[in-house]
Amino acid sequence: MMSLQRAGQVWRRLDVTLRDLPLGALFLVASFLPGLRGHGTQVGDLPTRPFDALAVVALALECLSLVVRRRWPVVCLALVASGFALDQLCGYHSAAGTTLPVALISAGCHLEQRRRTTVVLLSVAYVPLAIALARLGSGGETATEFVTFYLTLALAWGAGAWLRSTRAAEAARHERVAAETRTAERIRIARELHDVVTHHVTAMVVQAEAARYLTAAPERLEQSLTAVSDTGRSALTDLRHLLDLLNPGHGTDHGTDHGTGHGVGPAEPTQARTPAVGRVLTLVEQTRRAGQPVDFTERGTPPASTGSADLVAYRVVQEALTNALKYAHGSRTSVQVQRGEREITVEVSTDGTGSRATAVAAGSGRGLAGLRERVDVLGGDFSAGCGPDGGFTVRARIPADGTS
């Protein structure tokens, strides 16, 4: 099997003229077979005559010209048509006459320019050939039969043109799919960057602002600056995860972080590329250090494999806590995660009245829209909005076996 695959790869790497040579050789050999001699294509009513030196010329024009049928389709068609005319006018009626429809199909498929001109010239050239065959024959061939043969040739050209249009449509479809894939990938990368950068930078800004008022309390100031540093390291870790998705070989040399030379600090141990629901507690602790009171409840036992559901659940909590930290800082927030065999349910609610809840809803359009798309892809349900008590609640039900 492997040898056949290698042979196929070698064959596809050959020049098209070499790949077309066996076809022409096959027609040439078939023309000399005793059982096929004189039983080929016959237009007109000329008697069949045996092969001579001129027959070899006609056969060479008809058969060997096929080696350039894809590289120079017009040249191939002209040579094959000339050989076919000589074949019919001399009465050889060889099996090589079948190459004319083959050349027409190839020209209709591969000819790039002056297609209409080629069709007109071939049609005009057919007229004197038909007249000559009618005069040289015994009169048994009617005009209807000449027209029928012309329509057969036109059908061969039409088949080639159909193949050409089909290939063009397939190429356009592949290009469209590739463009859509690139666009979707850019959107996915932008969404990941939004989730990672917005959450961590928001936490760092809030923590840094709080540190300005702690200069009289060195211990609390040190704790606040440590929280900023930890948040920065978490941001770098998540960014490394994203870079690993884009470039799997990034940052894998000896398991170290190449950015340590810039004062970032030692690299963290290698973690899974996809954040799990178990890391939601890390998000909660980080948000608490930023001054946001958060109640966290986690129930259930996750199945052995949850596909992409873990990552989506993580992003739901991350985006909801980021919005609460930015637009409802200081308001009590509740995070509830329920994990089951078939689905993961996440609910994040923030207390507030009127203006605060409205700010959370208005200021998180991009992130919430991205979350809705993530959940919809996995076949889940997502909702976000203000409650009757003035708070803001984000809910998501994510199938645990969803993959994306």
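Each remark here, short or long, concerns the structure printed above.
In short, a report on the structure.

Calculation criteria
- Residues numbered from 1 in each chain as written.
- Predicted model: local features only at pLDDT ≥ 70, side-chain atom pairs only at ≥ 80, totals over all residues.
- Heavy atoms only, no water.
- Helix = DSSP H or I, 4+ residues; strand = E, 2+ residues; numbered from the N terminus.
- Buried < 20%, exposed > 50% of the residue type's maximum accessible area, 1.4 Å probe, protein only.
- Contact = heavy atoms within 4.5 Å.
- Pairing = 2+ DSSP bridges.
- Phe/Tyr/Trp six-rings, centres within 6.5 Å; stacked < 30°, edge-to-face > 60°.
- Axes fitted to C-alpha atoms, helices over the stretch in contact; angles between N-to-C directions.
- Parallel < 35°, antiparallel > 145°, perpendicular 65-115°, else oblique.
- Nonpolar A, V, L, I, M, F, W, Y, C, P; charged D, E, K, R; others polar.
- Patch = residues over 30% accessible without salt bridge, like charges linked within 9 Å, V, L, I, M, F, W, Y side chains within 5 Å.
- Areas by Shrake-Rupley, 256 points an atom, 1.4 Å probe, with all protein chains shown as cover.
- Salt bridge = Lys/Arg side-chain N within 4 Å of Asp/Glu carboxyl O.
- Core = buried A, V, L, I, M, F, W, Y, C linked by side-chain atoms within 4.5 Å.

Within the protein chain one finds 12 helices and 5 strands. Expressed as a percentage of its 404 residues, the buried residues of the protein chain come to 38%. Intrachain contacts of the protein chain at a sequence separation of at least 6 include 75% that bridge at least 24 residues.

Next up on the list: the pairing of strand β4 (residues 381–386). Bridge analysis of β4 against strand β5 (residues 392–399) gives 6 bridges, and the strand direction is antiparallel. Note that in β5 the partner of S383 across the bridge is R395. Counted along the chain from β4 to the antiparallel partner β5, the turn is 5 residues long, and its residue G390 has a positive phi close to 90°.

Scanning the entire structure with this criterion turns up 5 aromatic pairs. In textbook terms, an aromatic cluster arises when at least three aromatic residues are bridged by ring pairs, as seen for F84, Y126, F149 and Y150.

The N-to-C vectors of helix α9 (residues 280–289) and helix α10 (residues 309–327) enclose an angle of 10°; their axes lie 10 Å apart at closest approach. As summarised for this structure, α9 and α10 are arranged roughly parallel, according to the angle between their axes. Side by side, α9 and α10 meet where V280, L283, V284 and T287 of the first sit next to Y314, V317, Q318, L321 and L325 of the second. In terms of residue class, the contact of α9 with α10 is made up of 7 nonpolar, 2 polar and no charged.

It is worth spelling out the packing of helix α4 (residues 73–90) against helix α6 (residues 115–136) at this point. Contact geometry for α4 and α6: axes closest at 11 Å, N-to-C directions at 5°. Classified by the angle their axes make, α4 and α6 are roughly parallel. Counting all contacts with α4, which are made through V74, L77, A85, Q88 and L89, the residues of α6 involved are T118, L122, L129, A132, L133 and L136. In terms of residue class, the contact of α4 with α6 is built from 9 nonpolar, 2 polar and no charged.

Moving on, we get to a nonpolar patch on the surface. Taken together, L193, V197, V201 and V205 make up a surface patch of nonpolar side chains, about 290 Å² in accessible area. Its place among the elements puts V205 in helix α7 (residues 143–211). Note on V205: relative accessible area 46%, which makes it partly exposed.

Attention shifts here to the nonpolar core. Grouped together as the largest cluster of nonpolar side chains are 28 residues, with contacts concentrated most on V43, L100 and L104. Setting aside residues up to four positions removed in sequence, L100 forms contacts with L77, V80, A81, F84 and L153.

Turning to the sheet that holds strand β3 (residues 343–350), a few remarks are in order. Spatial strand order, β1-β2-β3-β5-β4: 5 strands in an open sheet with mixed pairing. Lying at the two open borders of the sheet, with one neighbouring strand each, are β1 (294–299) and β4. On average, each strand axis in the sheet is inclined to that of its neighbour by 5°, with strand direction left out of account. Sheet topology note: the β3/β5 ladder contains 8 bridges and is antiparallel. Of the residues in β5, the one forming a bridge with I344 is I398. Against the sheet, α9 contacts β1 and β2 (333–339), and its axis sits at roughly 170° relative to β1. Where α10 meets the sheet, it contacts β1, β2, β3 and β5, and its direction lies at approximately 0° from that of β3.

Within the structure shown, the criterion is met by 13 salt bridges. E285 is the partner of R288 in a salt bridge, and the nearest nitrogen-oxygen pair spans 3.0 Å. Placement of the pair is R288 and E285 together in helix α9, with a separation of 3 residues, close to one helical turn. Given a relative accessible area of 33%, E285 falls into the partly exposed group. Among the salt bridges present, the one from R397 reaches D381, with a minimum N-O distance of 2.9 Å. Of this pair, R397 sits in strand β5 while D381 sits in strand β4, and the two are 16 residues apart along the sequence. Its relative accessible area of 26% is what places R397 among the partly exposed residues. Under the relative-accessibility criterion, D381 is labelled partly exposed at 44%.

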